[in-house]
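Residues per chain are reported as follows:
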Amino acid sequence: QVQLVESGGGLVQPGGSLRLSCSASRFAFSIHAMSWYRQAPGKERALVATISMTGSNTNYVESVKGRFTISRDNAKNTVYLQMNRLKPEDTAVYYCNAPLHYNDDKGTFFDWGQGTQVTVSS
C-alpha cells in the first residue's frame, strides 16, 4: 500500500519559516510529479506547489510565489516544501501527493496521508 507521510509542521510566528517533508514509499516515486496541497479550516483542499519528476520544473500558486520553494530528493523518495515569510493565511493542514496531471488539482494518484498542521500565529 502506498504511503505518504508528511512532517515538519508546527506553530510559527508571522514572518517565520518551516520546512515540510513528505516521505513516499511503495510506488515509483521518481517517475511522478509531486505536489503540495493545503486545506485551511472550512475550505477545500487546494494545490500549492508542483515539482516535475526530475525537479527541473516547479510551479506555485500565486499567493506563495517568492516565499515557498518545493524540492525533491529522488534518492530518498522525499519531497520538501520550504516555507518562508509565513503569514496567518498560510495556516492549514499540508499534504503531498502525485497529481494526475502536472500542476493540476483535478485529481491525484494516491490516497491522502494524514497531513501536517501548520499554524501561523502570534
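Parameters at a glance
Residues numbered from 1 in each chain as written. Predicted model: local features only at pLDDT ≥ 70, side-chain atom pairs only at ≥ 80, totals over all residues. Heavy atoms only, no water. Helix = DSSP H or I, 4+ residues; strand = E, 2+ residues; numbered from the N terminus. Rg over C-alpha atoms; globule rule 2.2 N^0.38 Å. Core = buried A, V, L, I, M, F, W, Y, C linked by side-chain atoms within 4.5 Å. Buried < 20%, exposed > 50% of the residue type's maximum accessible area, 1.4 Å probe, protein only. Contact = heavy atoms within 4.5 Å. Pairing = 2+ DSSP bridges.

Okay, the overall build of the chain next. Per the secondary structure count, the chain includes zero helices and 10 strands. Mapped from its N terminus to its C terminus, the chain presents α and β elements in the order β-β-β-β-β-β-β-β-β-β. Over its C-alpha atoms the chain spans a radius of gyration of 13 Å, differing by no more than 12% from the 14 Å that the globule rule assigns to 122 residues. Overall size of the chain, expressed as C-alpha extent along the three principal axes, is 40 × 25 × 25 Å.

This paragraph deals with the nonpolar core. W36, V79, L81, M83 and Y94 are the most contacted members of the largest nonpolar core, which totals 28 residues. For this core, the secondary-structure elements that each account for two or more residues are β3 (18-25), β4 (34-39), β5 (46-51), β7 (68-73), β8 (78-83), β9 (92-97) and β10 (116-120). No other element matches β3, which puts four residues into this core. Once you skip the residues sitting within four places of it in the chain, Y94 turns out to touch E6, L20, W36, Y37, R38, F68, L81, M83, G115, T116 and V118.

Once that is clear, we can look at the pairing of β3. When strand β1 (residues 3-7) meets β3, the two strands line up antiparallel, connected through five bridges. Paired with L4 across the strands is A24, a residue of β3. As defined by bridge partners, β3 adjoins β8 across six bridges and the pair is classed as antiparallel. Paired with S23 across the strands is T78, a residue of β8.

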